Amino acid sequence: MKAKVSITLKRGILDPQGQAVLHALSSLGYTGVKDVRVGKLIELDLATHDRAGAEAEVKAMCERLLANTIIEEYRIELME
Amino acid sequence: MSISLRVGILVFPGSNCDRDCQHAVSQVMGAKADFIWHKESMLPHVDAVIIPGGFSYGDYLRTGAIARFSPVMAAVTRFAEAGGLVLGICNGFQILLEAGLLPGAMLRNRSLSFLCKDVHLRVENADTPFTRRCKPGQVLTLPIAHGEGNYYADQATLAKLKARNQVIFRYCTKDGEVTPEANPNGSLDNIAGIVNDAGNILGLMPHPERCADALLGNEDGRLILLSLLEAIKSGRYAPKPVLAHNVS
């Protein structure tokens, strides 16, 4: 089973990288972009096929290491 | 300074200010400075620990995020819980935040640039083991060198830090005014350094070890190291020995 973890800064926390990309897009003429958040994508290849167990374990990984929940939020996507 | 004082300096893969710290502590201040490799699960006998700057583990994932799980950090946590003095400089500050030994987190600098320059700091609390040689409100000039020094904490944490005088240094103008323009990296409330609730752990982004030696033209950093060594000498911050060397 594979897991994709997307990590971005929490809403309300200034994302300077996202702002820089927003400005660059705007200078290229893409003026319809209202906001940009730049984050990280972490792909995990898991030995298990137990979906519920995998979800709980990846969540624990996020809380302990993969994300800093003071500033970041994460989303977990599981695939067979 | 008595030669019997021993300061342990942690070394992670990617630390690059460890030798500067050793030079400042031993050659400039006259204390003993021992390197402690990150794989050690027990500290040797030391009176204080410095977590130096650098790019531990290549700053992968987040600054300090991987270093905090090194075996030595469990030993440092026990040392700090027993009352021992811990000074985290730059990446050392980031590691202390990731370890939860200090509250808050670091974000990328607002400018997205790596900043390497002198800044002015106002001493907000001179009644700590790290600032006792400073005067309240004194303006120090220290160099910064970081890409992620934009300190963040939620409002409740910030309120607590302020209420308990845990903000030790703020970025300021050369005259000591704390202004948005004097804030190099976007840090919340111009925060450059904080202590924990118990007051025995300091994290700061600027580098005192880089301006302790008179040869380098600025000795402001010496005040912080001298404060630390004098605090050790006072005996008030000796870690309780049983706890400090417990292997859990």
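The model shown is predicted, which means the values in this text are computed figures rather than measured ones.

With that settled, the discussion passes to helix H2 (residues 71–81) of chain B. Among the residues of H2(B), B:Val72, B:Met73, B:Ala75, B:Val76, B:Arg78, B:Phe79 and B:Ala80 are the ones counted as buried. Of the residues trailing H2(B), B:Gly83 is marked for its positive phi of about 100 degrees.

Below, the discussion takes up empty space enclosed by the protein. Considering all chains together, one arrives at 1 cavity of 30 Å³ or more under this definition. When its volume is computed, the largest cavity comes out at roughly 70 Å³. Residue lining of the largest cavity: A:Asn68, A:Ile71, B:Arg62, B:Thr63, B:Gln94, B:Leu97, B:Glu98, B:Ala105 and B:Met106, and that is the complete set. Mapped by element, the contributors of at least two residues to the lining of the largest cavity are helix H3 (91–98) and strand E5 (105–107) of chain B. For the lining of the largest cavity, the leading source of residues is H3(B), giving 3 residues. Grouping the constituent residues of the lining of the largest cavity by class yields 4 nonpolar, 3 polar and 2 charged.

Glancing now at the layout of surface pockets. Roughly 330 Å³ of volume is contained in the largest pocket. Lining the largest pocket are 20 residues, with A:Gln17, A:Lys40, A:Glu72, B:Arg108 and B:Glu148 sitting closest to its centre. In terms of residue count, strand E1 (residues 2–9) of chain A provides more of the lining of the largest pocket than any other element does, 3 residues in total. Among the residues making up the lining of the largest pocket, the classes are represented as 9 nonpolar, 4 polar and 7 charged. Size it by volume and the second largest pocket reaches roughly 160 Å³. Counting only elements with at least two residues in the lining of the second largest pocket, the list comes to helix H2 (51–66) of chain A together with H3 of chain B.

Calculation criteria
- What you see as residue numbers is a count from 1 along each chain, following the sequence as written.
- Written order decides the labels, with chains lettered from A and ligands numbered from 1.
- Predicted model: local features are reported for residues with pLDDT of at least 70 only, side-chain atom pairs are reported and counted for 80 or more only, and whole-chain, interface and lining totals are derived from all residues.
- Derived side-chain values reflect all non-hydrogen atoms in the structure, with water molecules and hydrogen atoms excluded from consideration.
- Under the scheme applied here, a residue whose accessible area is under 20% of the maximum for its type counts as buried, over 50% as exposed, and between as partly exposed, the area being computed with a 1.4 Å probe on protein chains only.
- In this text, helices come from DSSP runs of H or I with a minimum length of four residues, and strands from runs of E with a minimum of two, each type numbered from the N-terminal end.
- Space inside and on the surface of the protein is sampled on a 1 Å grid over the protein atoms alone, with a cavity defined as a set of points where a 1.4 Å probe fits but cannot get out and a pocket as an open set with protein on both sides within 12 Å along at least 5 of 7 lines; lining residues have an atom within 4 Å of a point.
- Grid points are joined across faces, edges and corners, and a volume is the space filled by probe spheres set on the points.
- Each residue is assigned to one of three groups, with Ala, Val, Leu, Ile, Met, Phe, Trp, Tyr, Cys and Pro labelled nonpolar, Asp, Glu, Lys and Arg labelled charged, and all others, Gly among them, labelled polar.

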